[in-house]
Amino acid sequence: MHSPRVRSQDRQQTVIEDQAMALLGPDTPFGGILDPMERISETLFGLIMALTFICSLGVASGTNINVQTMLIGALGCNLAWGIVDGGLYLLARINDRGDKVLTLRAIRKAPNPEAARRVIADALPPELSAMLPVEQLELMRQRLQQLPEPAPGPGLTKRDWIGALGLCLLSFLSTFPVVIPFLLLTDARLALRVSYAVAIRMLFCCGYVFGVRSGLRPSVAGLAMVAVGSTLVGIAVALGG
């Protein structure tokens, strides 16, 4: 009977192997389409774009802000950015899937098991491959050998299109919190200040979640994100928006 320590080590090795297989094997049919960092990044991009447009318009027109012009400009800018980012996401998915196909073919064409294990180790992040003993690499090689033959070329799946649409919507919808004050308030100067306050709060929330996901102190990461986002917006406005 194995001791608790041995069972714990076995479970850890199984988790590590599953993580490695997830990096090399085919896409799983379940799980989130966009990971949390992709959602945070896209929200930040959309927010900074919208805030840059509003700041530029506020500097150019003072308190005489045309709400219709601001809405069309901010929403149109972020919609265009979302479409571009969605397209780049699809290209990244094709590249990622193609890289997996090439790795799988290299493993199967390797002249011997040792060469195949080297291909697997080279395809994994250094931190992960360093934790895998030869026995685990061999088990992975055997599991990868049993996978069905991949398609001739990497294609796009329904999940990929949903992910691209999700990025586009995140970029587009992140505009609304900073433009709503202009719809609810008649004083343009007050609406501009409320919009800035909403944007700062959103930057802090994004930074807070980033800190939680990255192992950083959430409050410090939130304040840092406010500083970085404000600086980026200031640079963009200074350079002409």
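Details of the structure are given in the entry above.
It should be emphasised that the depicted structure is a prediction, and the values quoted were computed from it without experimental measurement.

A. Inspection of the pattern of salt bridges at higher detail. Scanning the entire structure with this criterion turns up six salt bridges. Counted as one network, the salt bridges with shared partners bring together Arg93, Asp96, Arg97 and Asp160.

B. Spatial organisation of a nonpolar patch on the surface. A contiguous nonpolar patch, built from Leu165, Leu169, Leu173, Phe176, Ile180, Leu183, Leu184, Leu185, Leu190 and Val194 and spanning about 870 Å² of accessible area, is present on the exposed surface. Those elements giving two or more residues to the nonpolar patch turn out to be α7 (158-173), α8 (176-184) and α9 (188-214). In terms of residues, the nonpolar patch owes the most to one element, α8, which gives four residues. Take Leu184: it is sitting in helix α8.

C. Broad picture of the packing of aromatic side chains. For the structure on display, the rule yields three aromatic pairs. Judged by centre distance (6.0 Å) and plane angle (80°), the rings of Phe45 and Trp81 are edge-to-face. In this pair, Phe45 is assigned in helix α2 (residues 36-61) and Trp81 in helix α3 (residues 67-109), connecting sequence segments 36 residues apart. The partly exposed category is assigned to Phe45, whose relative accessible area is 39%. Seen in terms of ring centroids, Phe204 and Tyr208 are 6.2 Å apart; in terms of plane orientation they differ by 45°. Their pairing is tilted.

D. Region of the structure containing the packing of helix α4 (residues 113-123) against helix α6 (residues 134-145). Interhelical geometry of α4 versus α6 gives an angle of 95° and a closest axis separation of 9 Å. By the angle between their directions, the pair α4 and α6 is classed as roughly perpendicular. Along the contact surface, α4 presents Pro113, Ala116, Arg117, Ile120 and Ala121, while α6 presents Val134, Leu137, Glu138, Met140, Arg141 and Leu144. Tallied by class, the residues present in the contact of α4 with α6 amount to eight nonpolar, no polar and three charged.

About the cut-offs
Residues numbered from 1 in each chain as written. Predicted model: local features only at pLDDT ≥ 70, side-chain atom pairs only at ≥ 80, totals over all residues. Heavy atoms only, no water. Salt bridge = Lys/Arg side-chain N within 4 Å of Asp/Glu carboxyl O. Patch = residues over 30% accessible without salt bridge, like charges linked within 9 Å, V, L, I, M, F, W, Y side chains within 5 Å. Areas by Shrake-Rupley, 256 points an atom, 1.4 Å probe, with all protein chains shown as cover. Helix = DSSP H or I, 4+ residues; strand = E, 2+ residues; numbered from the N terminus. Phe/Tyr/Trp six-rings, centres within 6.5 Å; stacked < 30°, edge-to-face > 60°. Buried < 20%, exposed > 50% of the residue type's maximum accessible area, 1.4 Å probe, protein only. Axes fitted to C-alpha atoms, helices over the stretch in contact; angles between N-to-C directions. Parallel < 35°, antiparallel > 145°, perpendicular 65-115°, else oblique. Contact = heavy atoms within 4.5 Å. Nonpolar A, V, L, I, M, F, W, Y, C, P; charged D, E, K, R; others polar.

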